[in-house]
Every structure is written in structure tokens, then in C-alpha cells.
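Examining the three-dimensional arrangement
One letter stands for each residue in the lines below.
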Amino acid sequence: MATLQINDLHVDVETEAGPKQILKGVDLTINSGEVHAIMGPNGSGKSTLAYTLAGHPKYTVTGGSVTLDGEDLLAMTVDERARAGLFLSMQYPVEVPGVSVANFLRTARTAIDGQAPKLRTWVKEVNEALTRQELDLDFAERSVNEGFSGGEKKRSEMAQLELLHPKFAILDETDSGLDIDALKVVANTVNRYMTDPEHGLMLITHYTRILRYVKPTQVHVYVDGRVAATGGPELGEELEAEGYEKYVSAAKANA
Ligand code: ADP
Ligand code: MG
Ligand code: MG
């Protein structure tokens, strides 16, 4: 079993006016086999948490710790984090002109495994992953994210998730802006990923809709840079009915 543990994490973002504190003490522990939904209003720092775990240089950790199986994640390079088993799907994925989806996937898999995948089985694996995402096979020859529709970006990230089989996946608003068919494809991929008991998931989202298809083990309400409340799936239902207002007001009163 693997554990991703976030302890009292404080993070500043670099702005033109200087550093600004965004994360104000995030506590969260995810074990393999668990799906944690992180739900919060826009601007609450959800993407900041994801970028910090990814090792984005714009974010500075000013306090707290993050460990993956006891190893200091924050001391690792971006590559080392991937090799340690962390996968991130970004809310706004970057375009990589001139690098095909096929080459990108192969390079990523090689970096993670420490050796190149065998070509014959690899091509088959890639084709199967694309087919499951209902993407054409020639999609593999397109440049990463260049001119992709919103749905294509998310589907290609779901293909990455399947082909890289990380220990922990962090999906940042992978569900946002998807039509119902694309949402179901994403949900199916996530559910298939979670059939491996060695896998764990942090599902960051603004909307409760995806929770109809992906059953969370825990739901966290995330407000103003920290976890404000934790519960089971019933907390997701409460949020769907009542929104974040109660938690936002309480956070303001405490600030
Ligand atoms: P969420 O993903 O929950 O919507 P974000 O992590 O994207 O929230 O943003 C959290 C807060 O950090 C917001 O108030 C946002 O305006 C602020 N922020 C993020 N990046 C910058 C930046 N480069 N300059 C100034 N403020 C920023
Ligand atoms: Mg965000
Ligand atoms: Mg795995």
C-alpha cells in the first residue's frame, strides 16, 4: 500500500507585486484504494495545490511537508516525482508543438520505467488506450494538445493515465466543460484505474456532477487555501444541494 501525505502545507505564489500566500495549512492523507474528492469554489487554491505537488516553479512552499511513502516529495525534481508514481492532469494543459502524442507517451513511459517499452506491445497498448477514449488512431501523430478541443485534451490525458499507471493520480477539474458523453468516458477511465488496489486518486473539482459516476471514499470541502470539512459521499450530496456558501462564510469569519 502507498500513502501520499500532505501536512500543514503553506504555499506562496509569485505575483508581480511579490509573493502571495495561497495555501494556508492543507492537511490531507490519501492511501492507495481511496478516491478523495477535493471540492471548492473558484479561487480557493485547488490548482495551486495541484501545481505545488507537480513541482511548478512559480509556487514556493513556505511551510509543511508532503511525503510519498515516507519520501520527501518536495525535495524531488519533477521527473523524480513522476518516477515515484505521481501523475497530474492539469486544468489548463500546455501545448507542445512538434512533439507527437505517441512520442510524448513513449518518452514519459520510458522515464518512469527506466527503460523503453517494447515497441510491438507498446503500439498495441497505445492503440487500445486511444480506442477506449474514443479517439482515432491517427490522433497519436498530432502534436500534444495543439488545437485539441477541450474534450480531446481530457481524453488524451485519460489515455496517459492508463498508459503510465501511476500510484497516485491528481486530476484537476478534468470534468470541467465536458459534455455528458465525454464525462462518462473520463469517469469510466477513472473507475477502471481504481480497480487496481495499488492506485489512489485526488479528484479536484468545482462541480458535484462527476460524483454521480465516480464514488469518492472521502469528500473534502476546500476553502481559502485549506480543507474546511471532510466527510463521505453524503457531503458531496450536501454540496450539490446547498453549494459552498456555508463554508465560505465560516472561513471568512475565521480569517
Ligand atoms: P482554484 O483552482 O481553486 O480556482 P487557484 O489555485 O487557481 O484556485 O487560485 C487561488 C488563488 O491564487 C486565486 O485567488 C488566484 O487569483 C491566485 N493566484 C494564482 N496565481 C496567481 C498569480 N500568478 N498572480 C496572482 N494571483 C494568483
Ligand atoms: Mg483551478
Ligand atoms: Mg500502477
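Computed from a predicted structure; not experimentally measured.

In this section: the side chain of Gln 133. When you line up the elements, Gln 133 lands in the loop between α4 (119–132) and β8 (143–144). Overall, Gln 133 belongs to the buried group, its relative accessible area being 0%. Other than its neighbours up to four places away in sequence, Gln 133 contacts Arg 155, Met 158, Ala 159, Glu 162, Val 185, Thr 189 and Arg 192.

Of all five residues making up strand β3 (residues 35–39), five are buried, and the element is well covered by its neighbours. On β3, burial covers both faces: Val 35, Ala 37 and Met 39 on one face and His 36 and Ile 38 on the other are all buried. Where β3 and strand β10 (residues 200–205) come together, five bridges link them in parallel fashion. If you follow His 36 over to β10, its bridge partner there is Met 202.

Leu 171, Leu 201 and Val 221 are the most contacted members of the largest nonpolar core, which totals 33 residues. For this core, the elements supplying multiple residues, two or more each, are β3, α5 (150–164), β9 (168–172), α6 (180–193), β10, β11 (218–223), α7 (233–242) and α8 (245–254). Looking at this core, the element that brings in the most residues is α6, giving six residues. Once you skip the residues sitting within four places of it in the chain, Leu 201 turns out to touch Ile 30, Glu 34, Val 35, His 36, Ala 169, Leu 171, Val 190, Tyr 193 and Met 194.

Reading the values: the criteria
- Residues numbered from 1 in each chain as written.
- Chains lettered and ligands numbered in written order.
- Predicted model: local features only at pLDDT ≥ 70, side-chain atom pairs only at ≥ 80, totals over all residues.
- Heavy atoms only, no water.
- Helix = DSSP H or I, 4+ residues; strand = E, 2+ residues; numbered from the N terminus.
- Buried < 20%, exposed > 50% of the residue type's maximum accessible area, 1.4 Å probe, protein only.
- Contact = heavy atoms within 4.5 Å.
- Pairing = 2+ DSSP bridges.
- Core = buried A, V, L, I, M, F, W, Y, C linked by side-chain atoms within 4.5 Å.

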